[in-house]
Amino acid sequence: MPSHRRWAHVALIVPLLVAAPAMVRAAETAPALTLSEALARATAAAPILRGARAGVDAERGRLDQARLRPNPELSLEVENFAGSRPFRGLDGAELTASVQQPIELGGKRAARMDAGRAALDAAALRAAQARLDLEQAVRRAHAEAAAAQEVLTLARRESEAAAELFRTVSRLVEAGREPPLRQARAQVERTTAEASRLGAEREYEAAKRRLAALTGDESAVFMLDTSTLYQPPRPTGDRAAVDVAVARQDLARARAEVRVERAARIPDPRLTVGVRRLRAEEATAVVAGLAIPFPLFNGNRGAVRAAAAEAVRAEAALAQAEIDARVRAANAIASYDTAQAQAEALATGAVPAAEEAVRVARLGYAAGKFPLLELIEAQRALTVVRRQRVAAALDVARAAADLDRALGRTLLPE
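All figures in this text were calculated on a predicted structure; none of them were measured in a lab. (Residues numbered from 1 in each chain as written. Predicted model: local features only at pLDDT ≥ 70, side-chain atom pairs only at ≥ 80, totals over all residues. Heavy atoms only, no water.)

Draft legend 1. Region of interest: the overall build of the chain. The secondary structure content of the chain amounts to 9 helices and 8 strands. In the chain, which comprises 414 residues, the share counted as buried stands at 36%. Counted over contacts in the chain with a minimum sequence separation of 6, partners at least 24 positions apart contribute 80%. (Helix = DSSP H or I, 4+ residues; strand = E, 2+ residues; numbered from the N terminus. Buried < 20%, exposed > 50% of the residue type's maximum accessible area, 1.4 Å probe, protein only. Contact = heavy atoms within 4.5 Å.)

What follows is the structure, encoded as structure tokens:
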């Protein structure tokens, strides 16, 4: 590689190496990001919620428009001018000014308003649905980042323990109390633990970036409050069966649209009232008229059939939503109960037993009663069960988020 390119690479890498420890220190000294804070940030930054609120505003505008009656029409007509003989010029012209007002029949306005209200209610429910989906995603992402932080803490502790074991074995080998093979074995354990720590750091940073993407903080310079990982919060709000409610409201809107299309089949007459000026007679007269469309070709039958088919599809969607809601809730309850039982068994049984085994193995090895292999195996077993406990706690947190989403429960304020 040419020297100038080598120095260019060095110039790029050195600032990163200098800045990395500062970023780590800033993250470790920053206040721990709690779940409630993550939810508040996500609620303020999420585009999906802005879109949902805009959808509600749009339906509110359509409902306001649906309340309005048809506008009157003002017309001005000039007759009997620019013709031949007596109608030359404007001497015989007749000027008529009139107002035409369409009259809606068949309950068109009421049907439009019913459909608009149903659409507005559906949009509001979809906004609540979007908030529940966002909350579920943030809760899962926060739990995953907290679990990754816990795993990283364990990995660092395991790396330090493996390094200490290597130093102890090295001293014993130098003193002639252990064969060199024991030192090589301890070196393998130290290298493995260090590799595990590096992997845990990468996973931790990736989990924080996923959470940061939801909260709108792309820097991801923060620590995690891990308390909710082991004690998932209980929701205070309740939007029970919001998915079913959305489907039910969609059905109400579809049925309202059927009434709108059926009402559109009834012709709307147009009432005309005006004043005519007769120049030849120097007189004024009132004119009135009534026009009624005759639905000879277009009876709006196709639109009625289409709206009726949409209502049937909405009925099927509601039935499917009810089935999905029951299955989703049942699966979420089963997953939560299973994860809770496993987490409790690990926390109260396996982890304390593994910690006691390591303590006894260390004492026995120091006293020369146990071989190094026993201590290594005990430490490996402790590593496994500790990580299993974190994984089980993560499963509980995920299952709690999924269960609350299935039941429509929420931590977010209205």
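Draft legend 2. A look at the environment of Leu-278. Along the chain, the position of Leu-278 falls in strand 6 (residues 270-278). Sequence-distant contacts of Leu-278, defined by excluding residues within four places in its chain, comprise Ala-93, Glu-94 and Ala-283.

Draft legend 3. Up close: the packing of helix 4 (residues 108-174) against helix 5 (residues 180-215). Axis separation between helix 4 and helix 5 bottoms out at 7 Å; the angle between their running directions is 160°. The angle between the axes of helix 4 and helix 5 places the two elements in the roughly antiparallel class. Crossing of helix 4 against helix 5: the hand is left-handed. Tallied by class, residues from the contact of helix 4 with helix 5 come to 21 nonpolar, 7 polar and 12 charged. (Axes fitted to C-alpha atoms, helices over the stretch in contact; angles between N-to-C directions. Parallel < 35°, antiparallel > 145°, perpendicular 65-115°, else oblique. Left-handed = near helix turned anticlockwise from the far one by under 90°. Nonpolar A, V, L, I, M, F, W, Y, C, P; charged D, E, K, R; others polar.)

Draft legend 4. Spotlight on the packing of aromatic side chains. For the coordinates displayed, the defined rule picks out 0 aromatic pairs. Just above the ring of Phe-166 sits the side chain of Arg-190; from NZ or CZ to the centre is 4.1 Å. (Phe/Tyr/Trp six-rings, centres within 6.5 Å; stacked < 30°, edge-to-face > 60°. Lys NZ or Arg CZ within 6 Å of the ring centre and 35° of its normal.)

Draft legend 5. Region of interest: the side chain of Thr-215. With respect to the helices and strands, the residue Thr-215 is situated in helix 5. Polar side-chain contacts of Thr-215 include one of 3.2 Å to the backbone oxygen of Ala-212. Setting aside chain neighbours within four positions, we find Thr-215 in contact with Ala-38, Arg-41, Ala-42 and Ala-45. (Polar contact = N/O pair within 3.5 Å; in protein donor to acceptor, adjacent residues only side chain to side chain.)

Draft legend 6. Summary view of the sheet that holds strand 2 (residues 73-79). The 4 strands are arranged 2-3-6-7 in an open sheet whose pairing can be described as antiparallel. The sheet is open, and its two borders are formed by strand 2 and strand 7 (283-291), each paired with just one other strand. Neighbour-to-neighbour, the strand axes of this sheet turn through a mean angle of 20°, independent of strand direction. Pairing geometry for strand 3 (residues 94-102) and strand 6, over 9 bridges, is antiparallel. Within strand 6, the residue paired with Pro-102 across the bridge is Arg-270. (Pairing = 2+ DSSP bridges.)

Draft legend 7. Focus on the pairing of strand 3. Pairing analysis gives 7 bridges linking strand 2 to strand 3, with the strands arranged antiparallel. The partner of Glu-79 across the bridge, within strand 3, is Glu-94.

Draft legend 8. Broad picture of the packing of helix 2 (residues 35-45) against helix 4. At a minimum axis separation of 10 Å, helix 2 and helix 4 run at an interaxial angle of 135°. By the criterion of interaxial angle, the relationship of helix 2 to helix 4 is oblique. As for the relative orientation of helix 2 and helix 4, their crossing is right-handed in sense. In contact with Leu-35, Ala-38, Leu-39, Ala-42 and Thr-43 of helix 2, helix 4 contributes Arg-131, Leu-134, Glu-135, Val-138, Arg-139 and His-142. When its residues are assigned to classes, the contact of helix 2 with helix 4 shows 6 nonpolar, 2 polar and 3 charged.

Draft legend 9. Here's a closer look at the pattern of salt bridges. According to the stated counting rule, one finds 32 salt bridges in the structure shown. Glu-201 is the salt-bridge partner of Arg-197, the closest N and O atoms lying 2.5 Å from each other. Of this pair, Arg-197 and Glu-201 both sit in helix 5, 4 residues apart, roughly one helical turn. Accessibility expressed as a relative area gives 16% for Arg-197, which makes it buried. You can call Glu-201 partly exposed: its relative accessible area is 24%. Because the salt bridges share partners, they merge into one network encompassing Asp-133, Asp-243, Arg-328 and Arg-405. (Salt bridge = Lys/Arg side-chain N within 4 Å of Asp/Glu carboxyl O.)

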